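Understanding the architecture of this molecule
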Amino acid sequence: MTAQLKKVKPGTSILPPGMCLGILVFFMAVIFQISIVGEDTAWAASENEEIAPGRTMARQALKKREIWKTTDHSKHEILKQDFKSGPEVTAACLSCHTEAAAQFHETIHWTWLDPADESKVVGKAGLSVNNFCINLKSNEPRCTSCHAGYGWKDDSFDFTDQTKVDCLVCHEQTGTYHKFPAGAGNPVSEETVFKGNGKTYYPPEWNLVAQSVSRPTRSNCGTCHFFGGGGDAVKHGDMDSSLMKPNKNLDVHMGIDGQNFDCVRCHTTVRHQIAGRIYATPASTDRKSLIEDDMASKIMCESCHSSTPHKPGVKANDHTDKVACQTCHIPEFARVNPTKMWWDWSKAGGKKDGKPFKIPGPLGKPDYDTQKGEFVWEKNVTPEYFWFNGSIQTLTALDMIDPAKTVKVSWPTGDREDKNSRIFPFKVHLGKQPYDKVNKTILIPHLFGKTEDAYWVSYDWKKALYKGMETAGLNFSGEFDFVETSYVFPTTHMVAPKADSLSCQECHSKDGRMKNLADFYMPGRDTRSVVDYAGWGLVLVSLVGVMLHGLGRIFAKNGRRK
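Residues numbered from 1 in each chain as written. Predicted model: local features only at pLDDT ≥ 70, side-chain atom pairs only at ≥ 80, totals over all residues. Heavy atoms only, no water.

**Some remarks on the overall build of the protein chain**
Scanning the protein chain from terminus to terminus reveals 14 helices and 15 strands. Within the span of the protein chain, comprising 562 residues, buried residues form 41% of the whole. (Helix = DSSP H or I, 4+ residues; strand = E, 2+ residues; numbered from the N terminus. Buried < 20%, exposed > 50% of the residue type's maximum accessible area, 1.4 Å probe, protein only.)

Next comes the structure, spelled out in structure tokens:
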């Protein structure tokens, strides 16, 4: 028996109207599903394709190159003399490097002031305040253990004396040169046991360290930058001693089993001016790649990876004008060592049996210290996100505050309309510190010293605050209390492997990482009633239209039969 095919007039559907409607709804569901997972699918697919252009460009720009030298400092007779101090070594250095000290005197590493601020108020050596050690004034002998200079005890320090420049702290390569314990930037002159940590420190072997000098390594930079704020990982959540010899799972650029970059590979230097400062003047607003301009600063991710680092068609390429690379590629910081997230000075001064004490915490760091108060340390911390154009504003001891709310001691500048701004990850350090109840300003305490007006001697806040403010040339009413504060640190190190970068849903969801950035519409996170109603209205109209079309077909078919 042979089946006979029914003839169909051109333009007539061969499917029942109900099935047409079912197929339409099915395809709408498929399209909706694709819209949800499309970005992740495209991203995942790109991982299985050939290397993305940004990675190829980075490899071209950063091909391993031999660092060649034109001199061996161990052969210089002038460096074989019997040195007794750092300034003597510097004088010998300047006999060849005649312009080095004059250049260094113009840098922020020497002045500790924002070069864009003519008033000389903004900066470590000015009246800027923070919520860890608060301010430099009257605490110079301790704080300047990290300064690249010798003898900074107070404001009488001679900033013009070229022999006061410490060449060794950035250039010696023996690993034996130490400026700590506190000596106004001078290493100890004799064997010394430091009470703070019980360690013994020895004078440098001046000839050995002088003859070892070379290009700065991460050890030179990390000696100060990994231990700022009074200890390992106190300040920066993305910079600590774990970066001395990291693997590439901790940082794909610095990993010794990967690219093995030193700090100066990205923080480029011209006449001792090191790219990377984040005061009022941004580190860079030039986002050219090295292919476009091989003399451009390498401080930006785009310098090596370009502004379209992913495969063509990958949605992430459309984000680079508004989202910093660090936002997706540094999902967490403090991944090895815990970082300090809370510092409460109001709890300082407690004693046991009349003596200072510490309470160890679960992460191997003290939760309490008589000298400094109460702390909270955390590991594997999710950053907070802000619009950032490369500049950070800071509060000074001259600025009035509102103690009724958390005081922003520093904050990033930028907004969605700024072409140089990107959504950027930050560590936000919270604290509680003294303020003047009458003048409504943050107070500067005298912490370090040997006299009774040093807080770490007498534990008397009023004496310490009078001395600190007097040294800074500022007025103190005599009435003080403690106010909660916040301080931001941009997160740029500890770049994770690409497999550990953020998925789309981690931001594009109601409780995602971007939930606190409310000045723009984000698909998957935000709803707008007008848009939503309009969208569902179109869907409803489409469905009604399909149903009417189906009914029309039915009636037309019946009419033809009749």
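**Brief notes about the pattern of salt bridges**
On inspection of all chains with the given rule, the structure shows 12 salt bridges. We note a salt bridge from K80 to E77, for which the minimum N-O separation is 3.3 Å. For K80, a relative accessible area of 41% puts it in the partly exposed group. Among the ionic pairs, R513 bridges to E506, the shortest N-O distance being 3.5 Å. Salt bridges linked by common partners bring D344, K347 and E374 together as one network. (Salt bridge = Lys/Arg side-chain N within 4 Å of Asp/Glu carboxyl O.)

**A closer look at a nonpolar patch on the surface**
A cluster of nonpolar side chains, contributed by L540, V544, L548, L551, I554 and F555, occupies part of the molecular surface with about 580 Å² of accessible area. Topologically, L540 is positioned in helix α14 (residues 529-561). (Patch = residues over 30% accessible without salt bridge, like charges linked within 9 Å, V, L, I, M, F, W, Y side chains within 5 Å. Areas by Shrake-Rupley, 256 points an atom, 1.4 Å probe, with all protein chains shown as cover.)

**Remarks on the side chain of K372**
Along the chain, the position of K372 falls in the loop between β7 (366-369) and β8 (373-378). No salt bridge is formed by the buried K372, whose closest oppositely charged neighbour, D369, lies at an N-O distance of 5.5 Å. Ignoring any residue separated from it by four or fewer positions in sequence, one finds K372 in contact with G230, W343, D344, W345, A348 and W456. (Lys, Arg positive; Asp, Glu negative; His and termini not counted. Contact = heavy atoms within 4.5 Å.)

**Comments concerning the nonpolar core**
Counting residues in hydrophobic clusters, the biggest one holds 35 residues, and the most contacted among them are W345, I444 and Y455. Residue assignment for this core shows that the elements contributing at least two residues are β8, α12 (455-458), α13 (461-471) and β15 (480-490). Both domains that furnish three or more residues to this core are identified here as domain 1 (76-235) and domain 2 (339-506). Among residues more than four places away in sequence, those in contact with I444 are L127, V129, I134, N135, K137, A397, A464, L465, G468, M469, A472 and L474. L136, W152, F157 and V209 belong to the second-largest nonpolar core, a separate cluster that totals 26 residues. (Core = buried A, V, L, I, M, F, W, Y, C linked by side-chain atoms within 4.5 Å. Domains from an automatic or database assignment.)

**Some words on unusual backbone geometry**
Here the amide bond leading from F180 into P181 is cis, since omega sits at 10°, within 30 degrees of zero. For R271, which is not a glycine, the phi torsion comes out positive at approximately 50°. Secondary-structure assignment places R271 in the loop between β3 (269-270) and β4 (273-274). You can call R271 exposed: its relative accessible area is 59%. Of note, the phi angle at A334 is positive, near 55°, even though the residue is not glycine. Mapping A334 onto the fold places it in the loop between α11 (325-329) and β5 (339-344). Here A334 falls in the buried class, since its relative accessible area comes to 0%.

**Describing the environment of C167**
Counting through the fold element by element, C167 comes out in the loop between α6 (140-143) and α7 (168-171). Relative accessible area serves as the criterion here: at 18%, C167 is assigned to the buried category. Taking the C-alpha atoms as reference points, C167 and G86, separated by 81 residues in sequence, lie 8.5 Å from one another. Those residues in contact with C167 that lie beyond four places of it in its chain are T90 and C93.

**Quick notes on the confidence of the model for the protein chain**
Confidence along the protein chain averages 87 in pLDDT terms, with 89% of residues attaining 70 or more. Within the model, the stretch residues 29-49 combines pLDDT values under 50 with 15 contacts to residues more than four positions away or in other chains. (pLDDT = per-residue confidence, 0-100.)

**Some details on the environment of T285**
Relative to the helices and strands, T285 is located in the loop between β4 and α10 (301-305). Classification of T285 by relative accessible area gives partly exposed; the value is 47%. For the pair T285 and N420, spaced 135 residues apart in sequence, the C-alpha separation works out to 6.5 Å.

**Things to note about the environment of W343**
The residue W343 is located in strand β5 in this model. The sequence separation of W343 and K372 amounts to 29 residues, and the corresponding C-alpha distance is 8.0 Å. Apart from residues lying up to four places away in sequence, W343 is in contact with N131, F132, C133, G229, V234, K372, E374, F375, H429, L430, G431 and K432. At a separation of 2.8 Å, a polar atom in the side chain of W343 contacts the main-chain carbonyl oxygen of K372. (Polar contact = N/O pair within 3.5 Å; in protein donor to acceptor, adjacent residues only side chain to side chain.)

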